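Structural overview for review
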Amino acid sequence: MKTKFSGILTLLLAFFVQITFAQEKTISGTVSDNSGLPLPGVNIIVKGTATGTQTDFDGNYTISAKSGDVLTFTYVGLKAQEVTVGASNTINVTMEEDAAVLDEVVVTALGIKRDKQSLGYAQQTVEGESLSKARETNINNALAGKVAGVQFSGAPSSGFGNSNIRLRGDTGILYIVDNIKVDGPADVITDDIESMSVLKGAAATALYGPQGKNGVIIITTKTAKAGQSTVTLNVSTAAENVYVLPEYQNEYGGGYSQDFNIFTYNPALHPADWAAFDGQKMVEYYADESWGPKMDGTLVRHWDSWITGTPQFGELRPFSPNPNNVRDFYRQGLTTNTNVTFAKGGEGFSVRASLANIERTGIVPDSDRNTVQGSFSASMDLSEKLTAFANVSYQDRRTSNFPDNGYGNIASNFNQWWQRQLDMDRLKDYVRNGNVVSWNINSPSNPTPLYWDSPYFIANETDNPQQKHAFYGRFGLNYEIIDGLDASLEVRKTLNAYESTNQFGFGGLGQPFYSEFESSRGTDELFGIVNYQTDLSDSFDLSASAGFELYDTNYKSISASTAGGLSADGFYSLNTSVDRPNLSSYKENVQRKSTFAKASIGFKDIVFIDGSARYDWQSTASAQNNRVETYGISGSLIFSKLLPQNSVLTFGKLRASLAEAPLFPNAYALSETYAIGTPYGSTGKLSVKGQLPNQNLIGGVRSEYEFGLETKFFNGRVGIDATYFNKVDDQLPVGVSLDPSTGYTSFLTNSGKQTYDGFELAVSIIPVRTEDFQWDLSANLGTLNRRVDKIADGVTTNVLSTSWRGLQLQEREGDEWGTLYGRTFRRDENGNKILSSTGSPRYDTDQYLGNLLPDFTGGATTNIRYKNLNLGLDFDFQKGGSIFSVTRMFNAYSGLGIETVGNNALGNPKRDPVTGGSSATAVPAAQAGSNSGGVLIEGVDETTGAPASYYVDAVTYYGRLFALHENWIYDASYVKLRQARLDYTFPKKWLDNTFIDKLNVGVYASNLWLIYTSIDGVDVSEIEDNNQTGYGWTEGGQSPNTRTVGVNLNITF
Amino acid sequence: MKNKIVINLSMFVAFIMVIGCENADFGKLNVNPNEPNQPVLASLFANTIGPISDIVGATTPNHYVQYIANGQYPEESQYQTLNWSTAGLFATLTDLQKIIDLNTDEATKDNAAAGNASNANQIAAATILRVYYYEIMTYRWGRVPYTEALKGIENQYPKYDSQEEIYTGLFNELDMALNMIEAGAGPNGDYLFDSDMSRWESFGQTLKMMMALRLSKANPTLGADKFNEALGNVIASNAENFSYPYLSEENNDNPWEDRFLAPDFRRDYLVSDVFVDALIGSGTNVTPEDPRLYKMAAPAVTSNTFVGAHYGESNDATDDYSFITGDIIYNQTAPLYIFTYSEVLFARAEAAALNWTTEDASALYEEAVKASMEQWGVDSLAATAYVAANPYTGLDSIGYEKWVSLFLQGYESWAEWRRQRAMGYEKELVPPTEMLSNATGIPDRQAYSSTAAALNKEQYDAAIAAQGPDALNTVIWLYK
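No experiment lies behind these values; they were computed from the predicted model shown. (Residues numbered from 1 in each chain as written. Chains lettered and ligands numbered in written order. Predicted model: local features only at pLDDT ≥ 70, side-chain atom pairs only at ≥ 80, totals over all residues.)

1. Structural notes on the overall build of chain B
Where we set the bar: Secondary structure elements follow DSSP: runs of H or I of four or more residues count as helices, runs of E of two or more count as strands, with numbering from the N terminus. Remark: C-beta atoms are placed from the backbone, and a residue is labelled buried if 20 or more other C-beta atoms sit within 10 Å of its own, exposed if 12 or fewer do, or partly exposed between those counts. Each residue gets a C-beta atom placed from its backbone, and two residues are in contact if those atoms lie within 7 Å.
Counting its regular elements, chain B contains 21 helices and 6 strands. If one aligns the C-alpha atoms of chain B with their principal axes, the spans along those axes are about 115 × 55 × 45 Å. Counting over 480 residues, chain B shows a buried share of 52%. Summarising the internal contacts of chain B: among those between residues at least 6 apart in sequence, 71% fall at separations of at least 24.

Here it is in structure tokens:
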């Protein structure tokens, strides 16, 4: 094989050598664009040779060639031109804009490829290239900041949670891979992605029916081109580290008081040899807050000095800061991502196989994940008219342990209940002298954990591993009936199965526990379509499609957990549950039948009109009324074609659309069933459910209209795409809150009206464009308003979610959707805080706190290429939106945060006792001693209304602010450099004598720089969503965020 | 040719749309396979008993009357919770209403009684339980929706009724229920009284007596009438005490055990200094005057003496203080009391002292203290000695001794303490110095659910206008 290859090479060389013997002359000329401006940096090559040059700054060039040679002029963004050398020695060239740049072919609903210029709705494509270079394994992360109107809502990057995106304010996006509706973005190998087409509006998604209601991301995977035969290896390794933590104080250690406890020997309780310890200073071990003594190096008995039979027993060590103890807990994570692809395309066939292996060790000890995924796609022409195609993908993903988010997890331990002086290394060894031990011991004579196990015990002994199997595939046939008319039939299947267990370890604070959970969702689809395409006349062309879809989805889950502990020591199983295990199972089957049709008419590539109709019947709606009809129409006018050609406006298009999307009720919402409770012995329990069913519940329709303007200037070097959308949800099946005194907590009904609208703007600029150097910039911005026009007859308030102590997410008629209500400082008419006689702020409940919807979101991407070196930077940002921070509330409450130290207005440490009054809690500011500590609070007295101010003991001060929601509401604005990539593609000629066809090496980083965050120490762009609202509006003690830096090697053979 | 194709295509489209009939038939696909769609009365009834445990096992009201203090986290004893959700109790009332409806409606009543208690007995038991829950709701929150409640979307905005109306209504319901009780078994699924209707009757009568006494301040006339109706029908020994039956399994064991052992393993609750000091009385921290302290509390680990924890403050070193007796906090099946014989005797003593009855207040007081001693396992000699040393001196004696005897019966004790304070003979208690939730004293009520203002605004506002601010220290009609 190799010999044959070198043989051909020799032959070719001989051919070139021969050519150079021909007669040469010098050709010169000027190259300009169609507006007459000279073009610098145009590449000129004598076709079939290695001879080439570039135009200078004035567009001039000279080159040697002979008569009959063909000169090829190329310039990025302009159409390549070929000129045959004749008698003249001067060749001037005017280069035309490259129509291909404008005639971008994009993927639309049902995978139909269309000219972008013909679309009457907004569509944006995200290329897969940046994904495979930055090895982003999460599609949603890759979309952050890249598409106008996409709001990114990340999950804490240290965990395995999926980040979320909202298109025009809605989550629940449909992800489609090669026409298959997959369960979620995590089911796709990102290296397989050729491009992603983001469809935001109803006109764009109309053909997908109910599942496409909130927007669709169509993923097209790579396929082998005809004549191509490649093996690609893409390998990367990345390290991951904690990058943002709250700022902790390092002055005071654990305890409730600034005095150390003193060990008092008690012969009734303590061994005789402990008498020598009498009088030794002790830490307040039981305290899980840091209001303790100064960390001044005083020799004290630390927790481990009470564990008998260990070398540390009896030790006195300094009480000193360990500023990095929290950071030290997290290890460096490592991800290796390897992908091998084989692709071959030939006459009438194309196959591609890809195998990915991603191994990740997280920063939380014992949190690892290994994903293996294979995919295969093939198509072949069975006859001239019949093509068969098939895709399959299978993912096996094993996670050793999920780091928890929310109150009570390891990270919340450090941010909420912790002693600042603790030495993390000493906690690693949590089994000492045969017992599980912790820093939070009961007392010297009872060194068992009180409220907290060692964080290492939690990480290692409380495991919740999970195994995921995800399969999707399709098989189909396409038959070309006659030229322009074809029909396809496809069967599709997805199957996602999860198995997980959860255990709490023996010897820790809790009862040993074990549970198992299994779930699976399988979806079958039969899809048929007939497509017809024709030119009706010279001016008109028509394309039309009609088809059907049968959809059947089955969900099943079963869970079991032990009760009352485990009977066999050290062994985890359901069978060893002490009491009757808790069991529950659930199954759900939903079917849908749909038909649809669409037609497009184009006039001279200037005007395009599209129409679509879809009928859906779904099993979850009332059997008497289970059909929903939706229609859509859109049009576009390429007005630039009506204007004389000019050098400014290259392309201009107006578009408008009006369309609908259906929504059906959830399964089993129509008739009453009784909730099953935990039995009392063998006596079963049933109860009336809190949600009232509604047998008349039917599907509803969302309607949306959209206007857009798409323009390109200066040969496509500046592009502006602006969109306004307005969507209305009316009479959709919804749940409406009821006051519990009605006997129920909510009812289901077809009611309510909400209006969303917003502007989306995308700008792209190419400031520099030469053969060697190109700089691309793009930016986008989206706004969103969502108004609650109506909830239900007579209902003006709906409670969507509740959190800490009466904190609520509500929707109120006439207001913007997503308002936070809770406790605010009680104030007088001048806005002064109303204080009790001890300086305690009074508060009111159910008051307006803010709204979670941001003012705007967006991003900016820049790519700079110099020769073969490429630098890409991705920024994203959000302005506004309210968020409640539990981390900050506890940082203050437990004396961990930096704000709990420092001096008060009198110049004394806040934490010093308040002096000058009769109370240790608070003293009126006027009476405060000159040495008084405490935190100043100012306001007016609740009885007299006169100005009042107090110095309040620091612990009491922050304690009183606990759950006073107003104090912990933050703006969720941020700006961040999410991703950076620098890569180098080896010049082809360097690889000429190797077996390598393409070689690219790169470095990349994610979460590189959190430029601005409104909550210090918390990355608000990655917030857990533990209230399941689709919006992270309460940050509840989540795992930290991480920064990843990696190297990547991509080789094609 | 071209036209023909267009026509063909149009016909195909038309065909597709026409087969789109009005409605598709999916058979029984949307029938929920996960939950029964027919009620099982025994299971519904069993479900309505469970919430009793939440009431008799609650911690916060035991703080209000200062029986217990917190360990290192003092917030609960400083009234950290302002809003208390009514949702759980209304849900239980909905279940009870379902039972009553199924036994009342002509279409379902025969089926309801088949293999179960008679319609009358099921309605009677469910109604007695309903009255029990409703009375607790009104003494916790004050005005609550009553006449217009539990009607689903037929009445989305039920009005809050006055306590006067609620008590009148509850007495009517209770009397009706007591009159309905007939021979035969009680409802299936009744694990509270093992389907024994005589126990339901006795529970109903005792409840009636307690509710009657509750009106001693607000409406003594009605209270005295109802009290006398119940007198003679109430329980007559500790063997007849009403308690929630716990099982020795994790899902159905005593909530105090859950707090101190599995699953919580915490040490948040100590016996308060107010209570311990009162029971030490003229004795010492080793030999307290009141022998019940040995049974109610454990000596502190470090000193082996009875040491109460400072009420309303943080008590960090929990080993330095007395815990609640291990017979309760380490015992999965320790019963928690709804009503006891001693409470009945104290009620009779008080009614006698108020001249509602002609019974002997002093004798009943002595019997009441002895019954309490017996209930706690104190031997009769020690009990007799205590009573001899602490004879009846008037209503103040009843106030103090009733407070001691209701130890750990938080809601009942808080209801009675507020009433006796209104009457002027309660055991005197001093509020803590640091109070949360805008409190200005020992709570006089609990505030409505945090969503109440949002979800039923007009009626909520009307209730507030009539009753006073939705705060902990708004005194309700019952105690005015």
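That covers the picture; the talk isn't over yet.
2. Points about the UniProt feature "domain: TonB-dependent receptor plug" (unreviewed entry) in chain A
Here is the rule we go by: UniProt positions are given in the numbering used here, feature names are shortened, and annotations may be inferred rather than shown by experiment.
UniProt records the feature "domain: TonB-dependent receptor plug" (unreviewed entry) for residues 116–216 of chain A in the present numbering. Taken end to end, residues 116–216 of chain A comprises 15% helix and 28% strand; its first and last C-alpha atoms sit 17 Å apart.

3. Points about the interface of chain A and chain B
For the record, the criterion: When residues are grouped by polarity, Ala, Val, Leu, Ile, Met, Phe, Trp, Tyr, Cys and Pro land in nonpolar, Asp, Glu, Lys and Arg in charged, and all others, Gly among them, in polar.
Every contact between the two is made by 84 residues of chain A and, on the other side, 74 residues of chain B. The element best represented in the side of chain A that touches chain B is strand E34 (residues 577–603) of chain A, accounting for 9 residues. For the side of chain A that touches chain B, the per-class residue count stands at 36 nonpolar, 37 polar and 11 charged.

4. Brief notes about the pairing of strand E16 (residues 216–221) of chain A
All names here are of chain A. Selection rule: Two strands make a pair as long as DSSP finds a minimum of two bridges between them.
Across the 6 residues that make up E16, a large majority, 6, are buried. Side chains Val216, Ile218 and Thr220 project from E16 onto one buried face, and the interleaved Ile217, Ile219 and Thr221 project onto a second face that is buried too. One ladder, built from 6 bridges, connects strand E15 (residues 193–199) with E16; its direction is antiparallel. In the strand pairing of E16, serine 197 is matched with isoleucine 218.

5. Structural notes on unusual backbone geometry
Residues Ala262(B) and Pro263(B) are joined by a peptide bond in cis, for which omega reads 0 degrees. With respect to the helices, strands and loops of the structure, Pro263(B) is situated in the loop between helix H11 (255–260) and strand E5 (269–271). With a phi angle near 55 degrees, Asn1007(A) is a residue other than glycine that sits in the positive phi range. Positionally, Asn1007(A) belongs in strand E59 (residues 998–1013). Positioned with a positive phi, Asn438(B) is a non-glycine residue whose angle comes to about 60 degrees. Along the chain, Asn438(B) turns up in the loop between helix H19 (410–423) and helix H20 (452–455).

6. Examining the pairing of strand E29 (residues 446–449) of chain A
The alternating pattern of E29(A) places Pro447(A) and Pro449(A) on a buried face and Asn446(A) and Thr448(A) on a face that is not buried. Linking strand E28 (residues 441–443) of chain A to E29(A), which pair antiparallel, is a turn of 2 residues.

7. Things to note about the confidence of the model for chain A
Our working rule: Confidence of the predictor at the level of single residues is given by pLDDT, which spans 0 to 100.
Considering every residue of chain A, the mean pLDDT works out to 90; 96% of them sit at 70 or more. Low pLDDT (under 50) marks residues 1–22 of chain A, which in the prediction has 3 contacts with non-local residues, meaning those over four places away or in another chain.

8. Comments concerning the sheet that holds strand E53 (residues 882–885) of chain A
As a general point, the strands of a sheet are linked pairwise by backbone hydrogen bonds and lie either parallel or antiparallel. All names here are of chain A. Here is the rule we go by: Inter-axis angles, ranging from 0 to 180 degrees, are taken between N-to-C directions of lines fitted to C-alpha atoms, where helices are fitted over the stretch in contact.
One open sheet accounts for 3 strands, arranged E57-E53-E60; its pairing is mixed. Edge positions in the open sheet fall to strand E57 (969–971) and strand E60 (1034–1035), since each of these has one partner strand only. For E53 and E57, the ladder comprises 3 bridges, and the chain directions are antiparallel. Bridged to isoleucine 883 within E57 is tyrosine 970. Against the sheet, helix H9 (residues 886–893) engages E53 and E60, with an angle of about 35 degrees to E53.

9. Considering the sheet that holds strand E7 (residues 93–95) of chain A
Residue and element names in this part refer to chain A. Here we have 3 strands laid out as an open sheet, ordered E4-E1-E7, and mixed in their pairing. With partners counted over all chains shown, the strands left at the sheet margins are strand E4 (60–65) and E7, one partner each. The sheet shows a mean angle of 35 degrees between the axes of neighbouring strands, direction not considered. Looking at chain direction, strand E1 (residues 25–33) and E7 are connected through 3 bridges and run parallel. Along E7, the bridge assignment pairs aspartate 33 with methionine 95.

10. Focus: helix H12 (residues 273–280) of chain B
An α-helical turn contains 3.6 residues, so any two residues separated by three or four positions project in the same direction. All names here are of chain B. The buried fraction of H12 is high, at 6 of 8 residues. Among the residues of H12, Asp273, Val274, Phe275, Val276, Leu279 and Ile280 are the ones counted as buried. Along its buried surface, H12 packs onto strand E1 (68–70), E5, helix H13 (292–296) and helix H18 (395–405). Just downstream of H12 lies glycine 281, where phi reads positive at about 50 degrees.

11. Points about the domain arrangement of chain A
Counted only if it meets this: All domain edges in this entry derive from an automatic or database-based domain assignment.
When its domains are assigned, chain A resolves into domain 1 (21–96), domain 2 (258–320 + 426–451) and domain 3 (885–971). Each of domain 2 of chain A and domain 3 of chain A has a C-alpha centre, and the two are 31 Å apart.

12. Remarks on the domain arrangement of chain B
Residues and elements named next belong to chain B. Entries for chain B in the domain assignment read domain 1 (41–71 + 81–245 + 335–430) and domain 2 (264–329). Each of domain 1 and domain 2 was reduced to a C-alpha centroid, and the two centroids are 28 Å apart. Taken together, the contacts link 17 residues of domain 1 with 20 residues of domain 2. Of all the secondary structure elements, the ones that give two or more residues to the side of domain 1 that touches domain 2 are E1, helix H16 (361–375) and helix H17 (380–389). Broken down by element, the side of domain 1 that touches domain 2 gets its largest block of residues, 3 residues, from E1. Within the side of domain 1 that touches domain 2, the residues separate by chemical class into 11 nonpolar, 6 polar and no charged.

13. Examining the confidence of the model for chain B
Considering every residue of chain B, the mean pLDDT works out to 95; 96% of them sit at 70 or more. Scoring the predicted complex yields pTM 0.89 and, for the interface, ipTM 0.94.

14. Things to note about the environment of Glu164(B)
All names here are of chain B. By the element assignment, glutamate 164 lies in helix H8 (residues 163–180). For glutamate 164 and tryptophan 477, which are 313 residues apart along the polypeptide, the C-alpha to C-alpha distance reads 7.7 Å. Excluding anything up to four places from it in sequence, glutamate 164 contacts Asn219 and Trp477.

15. So, the environment of Thr845(A)
Relative to the helices and strands, Thr845(A) resides in strand E50 (residues 843–851). You can call Thr845(A) buried: it has 24 C-beta atoms within 10 Å. Not counting residues within four places of it along the chain, the set of residues in contact with Thr845(A) comprises Gly806(A), Arg823(A), Leu82(B), Asn83(B) and Ser450(B).

16. So, the packing of helix H5 (residues 87–104) of chain B against helix H6 (residues 106–113) of chain B
To characterise two packed helices, one gives the angle between the axes of the helices and the distance between these axes. Residue and element names in this part refer to chain B. Let me state the cut-off plainly: Angular relationships are summarised with four words: roughly parallel below 35 degrees, roughly antiparallel beyond 145, roughly perpendicular across 65 to 115, and oblique for the angles in between.
For the pair H5 and H6, the least separation of the axes is 5 Å and the interaxial angle reads 100 degrees. On the basis of the axis angle, H5 is roughly perpendicular to H6. From H5, Leu102, Asn103 and Thr104 reach across to H6, where they touch Thr108, Lys109 and Ala112. Grouping the constituent residues of the contact of H5 with H6 by class yields 2 nonpolar, 3 polar and 1 charged.

17. Description of the environment of Asn252(B)
Of note, Asn252(B) is situated in the loop between strand E4 (242–244) and H11. Accessibility expressed as a C-beta count within 10 Å gives 23 for Asn252(B), which makes it buried. Distance from Asn252(B) to Tyr311(B), taken between C-alpha atoms, is 30 Å for residues 59 residues apart in sequence. Setting aside its immediate chain neighbours within four residues, Asn252(B) contacts Tyr680(A), Gly681(A), Tyr246(B) and Leu247(B).

18. Some remarks on H5(B)
Our working rule: To estimate how far a helix should reach, multiply one less than its number of residues by 1.5 Å.
Helix length check: H5(B) (18 residues) gives 25 Å between terminal C-alpha atoms against 26 Å at 1.5 Å per residue, within 8%. Counting buried positions along H5(B) yields 13 of 18 residues, so the element is predominantly enclosed.

19. Concerning the packing of H16(B) against H17(B)
All names here are of chain B. What counts, and what does not: Here a crossing is called left-handed whenever its near helix is offset anticlockwise from the far helix by less than a right angle, and right-handed whenever the offset is clockwise.
In contact at an axis separation of 9 Å, H16 and H17 are set at 145 degrees when each is read in the N-to-C sense. Of the two possible hands of crossing, H16 and H17 adopt the one that is right-handed. Residues Glu366, Val369, Lys370, Met373 and Glu374 of H16 pack against Ala383, Tyr386 and Val387 of H17. Looking at the contact of H16 with H17, its residues break down into 5 nonpolar, no polar and 3 charged.

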